[in-house]
Amino acid sequence: MSSLIPPAIRARLKSLRLSTRLTPNGQGLGLHAGRGRGAGLEFAQYRSYGQGDEPRSIDWKLFARSDRYFVRDATRDSPLSVWLVIDCSASMAQADPERPDYSRLDAAKVLAACITERAVAQGDSVGLITVGGASTHGLPAAAGARHRDRLLLLIESLTADGRDGARATPPLLSAQIAPDALVVSISDGFDEALTASCERLAAARRDVRAIRILTLGELRFAFSGSQRFIDPESGRERTLDADGARDGFLSRFGEVRREHLRRLAKHGVIGVEHPLDEPADAPLRALFSSRASRA
């Protein structure tokens, strides 16, 4: 089990079920109703007996009534393929002065570890791709405890080091993530390329969910006096009177956030926000609530 997840959050996660709005095509046992037909748990349809069908699959009671051979099909429960897409740009290293040891990327790691452990516990496969960093990292989606441990070690090792002009070539996400997969993007919401990738994935039959991690400084702008602000990715600096800038910043940033969520929703992506002072299970419950799964 990962040390990234606080014990209290781990206990609450036991009731969380990762689910998808799509019907997975996978084979095997999982917690998600699949489109596959054959031996299974839930009746799907009757169909005519044909070449390749097992004689034992014939419904003999229906044969007695109709004098025709029919096979009773059921839907198979199919494991879900879950993909984590984590933003490793330099702005993900930002933290709040009150808690400088807990950055956006630290929060992203906790969220990713929570999803990883829940996916493996459900019998699902889980994979990882990083974007926005000085280099890209990833593991193909797979299931099982050994893969979980490898993935958690990789998550713990991630760094926020992607700066303007020093980023790795973004991976082509659609080439790596198969249709019907559940994709969870974890970012600060400032990477336009990642937002566009989420939109393309949703249009290409992936169930995409996005978590935007927010510092309390952004949400409250609790600064006073003359302040020097530095863009972590470009290095550009700006000095301003924080008291005079507060209302304008909060108004503009609030509208930017609302527009980001509206844009995601327009393309079929479920988006939630995660302030750094909020427990990690809160955004996950919002993402996978029954109402979100029906959206």
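Residues numbered from 1 in each chain as written. Predicted model: local features only at pLDDT ≥ 70, side-chain atom pairs only at ≥ 80, totals over all residues. Heavy atoms only, no water.

Colleague: Provide a residue-level description of the sheet that holds strand β7 (residues 125–131), including the pertinent values.
Modeller: Reading across from one edge, β8-β7-β4-β9-β10-β13 is the order of the six strands in this open sheet, with mixed pairing throughout. Each having just a single partner strand, β8 (138–142) and β13 (270–275) make up the two edges of the open sheet. Each adjacent strand pair in this sheet contributes to an overall mean axis angle of 20°, direction not counted. In this sheet, β13 lies alongside strand β10 (residues 207–214) in parallel orientation, the contact comprising six bridges. Bridging across to β13, Arg209 finds its partner in Ile270. Relative to the sheet, helix α3 (residues 104–121) contacts β4 (81–87), β7, β9 (182–187), β10 and β13, its axis offset from that of β4 by approximately 175°. On the sheet, helix α8 (residues 242–266) packs against β10 and β13 and is oriented at approximately 170° with respect to β10. (Pairing = 2+ DSSP bridges. Helix = DSSP H or I, 4+ residues; strand = E, 2+ residues; numbered from the N terminus. Axes fitted to C-alpha atoms, helices over the stretch in contact; angles between N-to-C directions. Contact = heavy atoms within 4.5 Å.)

Colleague: An account of the packing of aromatic side chains is needed here, citing residue identities and associated values.
Modeller: Considering all chains together, one arrives at six aromatic pairs under this definition. Here Phe221 and Phe223 contribute two aromatic rings whose centre-to-centre distance is 5.2 Å and whose plane-to-plane angle is 80°, an arrangement assigned as edge-to-face. A ring pair is formed by Phe221 and Phe229, whose centres lie 5.8 Å apart and whose planes are at 20°; its orientation type is stacked. Owing to a relative accessible area of 5%, Phe221 belongs among the buried residues under this scheme. Among the aromatic side chains, those forming a connected cluster through ring pairs are Phe190, Phe221, Phe223, Phe229, Phe249 and Phe253. In this structure, Arg99 is placed above the aromatic ring of Tyr102, and the distance from its NZ or CZ to the ring centre is 4.0 Å. Geometry around Phe190 places Arg212 over its ring, the cationic atom sitting 5.0 Å from the centre. (Phe/Tyr/Trp six-rings, centres within 6.5 Å; stacked < 30°, edge-to-face > 60°. Buried < 20%, exposed > 50% of the residue type's maximum accessible area, 1.4 Å probe, protein only. Lys NZ or Arg CZ within 6 Å of the ring centre and 35° of its normal.)

Colleague: How would you summarise the side chain of Arg104 if you had to cite specific residues and measurements?
Modeller: Take Arg104: it is sitting in helix α3. Within polar-contact distance, the side chain of Arg104 engages the side chain of Gln94 at 2.8 Å. Looking at Arg104, its side chain comes within polar contact range of the main-chain oxygen of Ile213, at 2.9 Å. Sequence-distant contacts of Arg104, defined by excluding residues within four places in its chain, comprise Ser91, Met92, Gln94, Asp188, Phe190, Ile213, Leu214, Thr215, Glu218 and Leu276. (Polar contact = N/O pair within 3.5 Å; in protein donor to acceptor, adjacent residues only side chain to side chain.)

Colleague: I'd like to hear about the pattern of salt bridges, residue by residue, with values.
Modeller: The tally for this structure, following the rule as stated, stands at 20 salt bridges. The residue Asp149 makes a salt bridge to Arg148 at a minimum N-O spacing of 3.1 Å. By relative accessible area, Asp149 is classed as partly exposed at 36%. On the basis of relative accessibility, which here comes to 15%, the residue Arg148 falls in the buried class. In this structure, the salt-bridge partner of Asp207 is Arg209, at a minimum N-O distance of 2.8 Å. Judged by relative accessible area, Arg209 falls into the buried class, the value being 0%. By sharing partners, the salt bridges in this structure join Glu255, Arg258, Glu259 and Arg262 into a single network. (Salt bridge = Lys/Arg side-chain N within 4 Å of Asp/Glu carboxyl O.)

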